[in-house]
Amino acid sequence: MNKNSSNTMALAPNISNKRETVCIFGTGDFGRALGHKMIQSGYPVVYGSRSTQISNLIPKDAEVLSHAEAAQKAAIIIIAIQRQHYNFLTPLAEVLQGKVLVDISNNLKLNQYPESNAEYLAQLLPGSKVVKAFNTVSAWALQSGTLDASRQVFVCGDDVEAKQMVMNIVRALGLTPLDKGSLLAAQEIENYPLQLFPMWKFPIFLSLGLTAFFFLYCLALDVIYTYIYENNNFSFFIAITIPNRVCPVMALILLALVYLPGIFAAIIQLYRGTKYRRFPDWLDKWMLCRKQLGLVALAFASLHAVFTLVTPLRAFVSWRTSKGIISQALNNKTEPLNNTNAWLSDSYLALGILGYFLFVLLGITSLPSVSNNVNWREFRFVQSKLGYLALILCTAHTLVYGGKWFLSPSAYKWYLPNIYILSLIVPCAVLVVKFVLIFPCVDKPLTKIRQGWERNPKYSE
Ligand code: NAP
């Protein structure tokens, strides 16, 4: 065989650039937007409508006919009509026989009907080949050309050839088809546009709850306590001081919560001696939203960095500094540099900066555009090894900064521990257990289990 023949074919220009006519039922928002895009991509478009009058809104080069006449002109018919009107199609069954019907409809509620709209359409017209597509693309995005965020078009259908025809159109429009399989997947595809950040719910509610708790905790100890027992009005702490305590605490706890489910999973697998039994639901869900937890943690860490950078601008800080200088001048005495304090402050700042740098790196590698360009091992290296390093650095940053309060009795106002002590509980627990898990006597059986070994195999050969 001529070695070059396939290359020559691939490079040969497409002699027939003519595209097949596409019919769209419905001249509403979506029908018009899709028709417009198709005409731009070289498809002749014919509309099937209840009214054949041409209006200014309809794309210039499109024809508008009755449903039956329009359907006869194309092999593919896009049904840009709400599901509740689908029964008008039943009398057209004969003319729609063997045609590819593209269901693009959405619902107002999750699982609104017992079956998906596409399956309903297939039941109404068993002689046609129904394909689900385009429902996750909005009419506005199609018309304004702002499709960057939603280039993916989920496609599903029982007839492979029909699905291919629709996927070719999707590609010709500059979009990316994603084959989701048979028409059974239609319900899931129809639910996509109705979901509101499903993976973000738990991280957001957890963060809101913990933030409110720590904010009130600081308010009680730093403002109310000092007002009652020391007669100092530090209510302005609410603006920067308290948020700058709550943010690092939240960042550290949430980062630890990203790694905690992995620790639970390892303990469960070791205990069961197999990886072939499902984790409890709560653990599965927790594992699935680790990326979101990490991103919320990064947001808190970034806020902490910004709050810290504005510290020199604060009136309270400059008052405290000048008070120190004046008291030294009045006493005619210069305080010597406390080397231990200088070491501690430089160390916690350095640990914080390095920890934040790794935190940002973790955030960047979780972006799809970056994670798609690294292999599984590289991704694991960053998210697991560097992630744990970030947790160690951030924990050490808090330990060095907050350590001075651990033993001081003045830190236990109302017998409550300082917020920094609280913030270290989960990260320290995660790090200690992780340390135990990397001991060879624990790590070896765990690695074996993760490679498929079972302590008591259910199905032995
Ligand atoms: P729309 O503006 O209300 O248009 C629906 C069209 O359906 C009407 O213009 C009408 O076209 C036709 N129609 C209305 N009642 C009918 C009836 N009783 N019998 C036959 N035809 C009837 O709605 P749309 O926004 O274009 O949405 C159409 C479909 O696309 C819906 O299923 C929607 O879920 C889906 N969708 C919309 C978007 C979007 O961004 N809008 C995005 C994805 C999916 P004629 O007057 O020409 O007959």
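Residues numbered from 1 in each chain as written. Predicted model: local features only at pLDDT ≥ 70, side-chain atom pairs only at ≥ 80, totals over all residues. Heavy atoms only, no water.

In the nomenclature of an unreviewed UniProt entry, the protein chain corresponds to STEA4 Metalloreductase from the organism Erythrocercus mccallii. Quoted verbatim from the Subcellular location (unreviewed entry) field of the UniProt record, the comment on the protein chain reads "Endosome membrane". A UniProt comment under Sequence similarities (unreviewed entry) is attached to the protein chain, and it reads "Belongs to the STEAP family." (UniProt positions renumbered as here; feature names shortened; annotations may be inferred.)

Draft legend 1. Broad picture of the packing of aromatic side chains. Overall, the coordinates contain 23 aromatic pairs when judged by the stated rule. When the ring of Phe-213 is compared with that of Phe-214, the centres are 5.2 Å apart and the planes differ by 65°; the resulting orientation is edge-to-face. Relative accessible area serves as the criterion here: at 43%, Phe-213 is assigned to the partly exposed category. Each member of the aromatic cluster is reached from another via a ring pair, and the members are Phe-234, Phe-236, Phe-237, Phe-316 and Trp-319. (Phe/Tyr/Trp six-rings, centres within 6.5 Å; stacked < 30°, edge-to-face > 60°. Buried < 20%, exposed > 50% of the residue type's maximum accessible area, 1.4 Å probe, protein only.)

Draft legend 2. Region of interest: unusual backbone geometry. Notably, Asn-231 is not glycine yet its phi reads approximately 55°, a positive angle. Looking at where Asn-231 falls in the secondary structure, it is placed in the loop between α9 (201-229) and α10 (241-272). Its identity is not glycine, yet Asn-332 carries a phi of approximately 50°, on the positive side. Position of Asn-332 relative to the elements: it lies in the loop between α13 (315-330) and α14 (339-365). Judged by its relative accessible area of 73%, Asn-332 falls in the exposed class. (Helix = DSSP H or I, 4+ residues; strand = E, 2+ residues; numbered from the N terminus.)

Draft legend 3. Inspection of the pairing of strand β2 (residues 45-48) at higher detail. Along β2, one buried face is formed by Val-45 and Tyr-47 and the opposite face, lined by Val-46 and Gly-48, is buried too. By the bridge criterion, four bridges tie strand β1 (residues 22-25) to β2 in an arrangement that is parallel. Within β2, the position partnered with Cys-23 by the bridge is Val-46. Taking the sense of rotation as the criterion, the β-α-β connection linking β1, helix α2 (residues 29-40) and β2 turns out right-handed. Relative to strand β3 (residues 63-65), β2 runs parallel, the two sharing three bridges. Following the sheet pairing, Tyr-47 is matched in β3 by Val-64. (Pairing = 2+ DSSP bridges. Right-handed = clockwise from strand over helix to strand, strands pointing away.)

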